[in-house]
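Architecture and fold: a report
In case you want the letters, here they are:
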Amino acid sequence: MAAWLIHFVICALMGWGASRILGAEKDHSVAMNAGAGLVGAWIAGLVMNGGLISREPRIIDLIGAFGGALLVVAALRFIRARRR
């Protein structure tokens, strides 16, 4: 159970960091950025690790998860910009 909580916090921080890098913190709420980080990290984890979350993360896993968070935040920002 603790591993899931740790992963949740790390992924939420990655979503927040991705939104800061992309300048999307004003466009989205903190919860949306955290959710984008979770989704992006989960998708990257599926691609890189076959969906395993229970093992200890390596640096390459964290980089991949951050890349996934960047992609999801960028996609959300693009979609919101097109709607305006």
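Rules used throughout
Residues numbered from 1 in each chain as written. Predicted model: local features only at pLDDT ≥ 70, side-chain atom pairs only at ≥ 80, totals over all residues. Heavy atoms only, no water. pLDDT = per-residue confidence, 0-100. Helix = DSSP H or I, 4+ residues; strand = E, 2+ residues; numbered from the N terminus. Axes fitted to C-alpha atoms, helices over the stretch in contact; angles between N-to-C directions. Parallel < 35°, antiparallel > 145°, perpendicular 65-115°, else oblique. Left-handed = near helix turned anticlockwise from the far one by under 90°. Contact = heavy atoms within 4.5 Å. Nonpolar A, V, L, I, M, F, W, Y, C, P; charged D, E, K, R; others polar. Expected span 1.5 Å × (residues − 1). Buried < 20%, exposed > 50% of the residue type's maximum accessible area, 1.4 Å probe, protein only. Core = buried A, V, L, I, M, F, W, Y, C linked by side-chain atoms within 4.5 Å.

A look at the confidence of the model for the protein
Regions with low pLDDT should not have their predicted coordinates read in detail. Considering every residue of the protein, the mean pLDDT works out to 78; 86% of them sit at 70 or more. By mean pLDDT, the top-scoring element of the protein is helix H3 (residues 59-83) (84), and the lowest-scoring one is helix H2 (residues 30-49) (78).

Topic: the packing of helix H1 (residues 2-22) against H3
At a minimum axis separation of 8 Å, H1 and H3 run at an interaxial angle of 55 degrees. The pairing of H1 with H3 is recorded here as oblique in orientation. For the crossing formed where H1 meets H3, the hand is right-handed. Along the contact surface, H1 presents Ile-10, Met-14, Gly-15, Gly-17, Ala-18, Ser-19, Ile-21 and Leu-22, while H3 presents Leu-62, Ala-65, Phe-66, Ala-69, Leu-70, Val-73, Ala-74 and Arg-77. The residue inventory of the contact of H1 with H3, partitioned by class, reads twelve nonpolar, three polar and one charged.

Points about H1
Under the 1.5 Å per step criterion, the end-to-end length of H1 is 30 Å for 21 residues, consistent within 8% with the ideal 30 Å. Inspection of H1 places His-7, Cys-11, Ala-12, Met-14, Gly-15, Gly-17, Ala-18 and Ser-19 among the buried residues, and these make up the whole buried set. Among the residues trailing H1, Gly-23 stands out with phi positive, at a value near 70 degrees.

With respect to the nonpolar core
Listed in full, the ten residues of the largest apolar core are Cys-11, Met-14, Ala-18, Ala-24, Ala-36, Ala-41, Ala-65, Ala-69, Val-72 and Val-73. Elements that contribute at least two residues to this core include exactly H1, H2 and H3. Dropping the residues within four chain positions of it, Val-72 is found in contact with Ala-36, Val-39 and Gly-40.

Re the side chain of Ser-19
Here Ser-19 is to be found in helix H1. A relative accessible area of 0% means that Ser-19 is categorised as buried. Among all residues touching Ser-19, those that are not within four sequence positions of it are Ala-24, Glu-25, Asn-33 and Val-73.

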